[in-house]
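# Remarks on the overall topology
This is what each chain is made of:
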Amino acid sequence: MISTKGRYALRVVVDLAQHQKEDGYIPLKDIAARQEISEKYLEIVLKSLVKKKLLKGLRGKGGGYRLTREPKDYTVGEILCLTEGTLAPVACLTEDAEDCPRSEKCSTLRMWSRFNSLINDFFYSITIADLMEE
């Protein structure tokens, strides 16, 4: 299940893409008002996106947030993995999973692996530019 943080991160990146100004920054309060998200919670979401360099933040007068790339260069999968940690449907398929002693005889592993591929293929094939068009 995708958390609130993941869903809000997507909404914020789409909002910034829709309202980006030439070399300008969009204030946190404007994004929060449009998206109906508390400024306090939104600040947490934005900080994680800035930390991973998906956004650039500027403090002070004229400050706010802006994208670091074009909307077509962000994927939904990238943003969700950043906020969620993983999109893997089961623990044994996460990147840092320990080798499972049952993997050789696990009758469900192939199904979970296929499902994991579907999830990743789906989310990594959608860009922020795609979401802007919808």
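A brief structural summary. (Residues numbered from 1 in each chain as written. Predicted model: local features only at pLDDT ≥ 70, side-chain atom pairs only at ≥ 80, totals over all residues. Heavy atoms only, no water.)

## Regarding the side chain of D15
Among the structural elements, D15 can be located in helix α1 (residues 4–19). Only 3.1 Å separates the side chain of D15 from the side chain of Q35, close enough to count as a polar contact. If near-sequence neighbours (up to four positions away) are discounted, D15 is found in contact with I31, R34 and Q35. (Helix = DSSP H or I, 4+ residues; strand = E, 2+ residues; numbered from the N terminus. Polar contact = N/O pair within 3.5 Å; in protein donor to acceptor, adjacent residues only side chain to side chain. Contact = heavy atoms within 4.5 Å.)

## A few points about α1
In this model, α1 (16 residues) spans 22 Å end to end at C-alpha, consistent with the 22 Å of a helix rising 1.5 Å per residue. For α1, the complete set of buried residues consists of G6, Y8, A9, L10, V12, V13, V14, D15, L16 and A17. Lining the buried residues of α1 we find α2 (28–35), α3 (39–51), β1 (55–58), β2 (64–67), α4 (76–84) and α6 (128–133). (Expected span 1.5 Å × (residues − 1). Buried < 20%, exposed > 50% of the residue type's maximum accessible area, 1.4 Å probe, protein only.)

## Considerations on the packing of aromatic side chains
Counted by the stated rule, this structure contains three aromatic pairs. Considering the side-chain rings of Y8 and Y41, the 5.6 Å spacing of their centres and the 80° angle between planes classify their relative orientation as edge-to-face. Here Y41 lies in helix α3 and Y8 lies in helix α1, a separation of 33 residues in the sequence. Judged by relative accessible area, which is 18%, Y8 ranks as buried. (Phe/Tyr/Trp six-rings, centres within 6.5 Å; stacked < 30°, edge-to-face > 60°.)

## So, the pattern of salt bridges
By the definition in use, this model includes three salt bridges. With a shortest N-O distance of 2.6 Å, E78 and R69 are connected by a salt bridge. Look at E78 and you get partly exposed, because its relative accessible area is 23%. The class of R69 is partly exposed, set by a relative accessible area of 28%. Salt-bridge contacts for K72 lead to D73; the nearest nitrogen and oxygen are separated by 3.2 Å. On the basis of relative accessibility, which here comes to 35%, the residue D73 falls in the partly exposed class. (Salt bridge = Lys/Arg side-chain N within 4 Å of Asp/Glu carboxyl O.)

## Some thoughts on the pairing of β1
As defined by bridge partners, β1 adjoins β2 across four bridges and the pair is classed as antiparallel. Its bridge partner lying in β2, G57 is registered against Y65. Hairpin connection of β1 to β2: five residues between the antiparallel strands, including G60 at a positive phi of 90°. (Pairing = 2+ DSSP bridges.)

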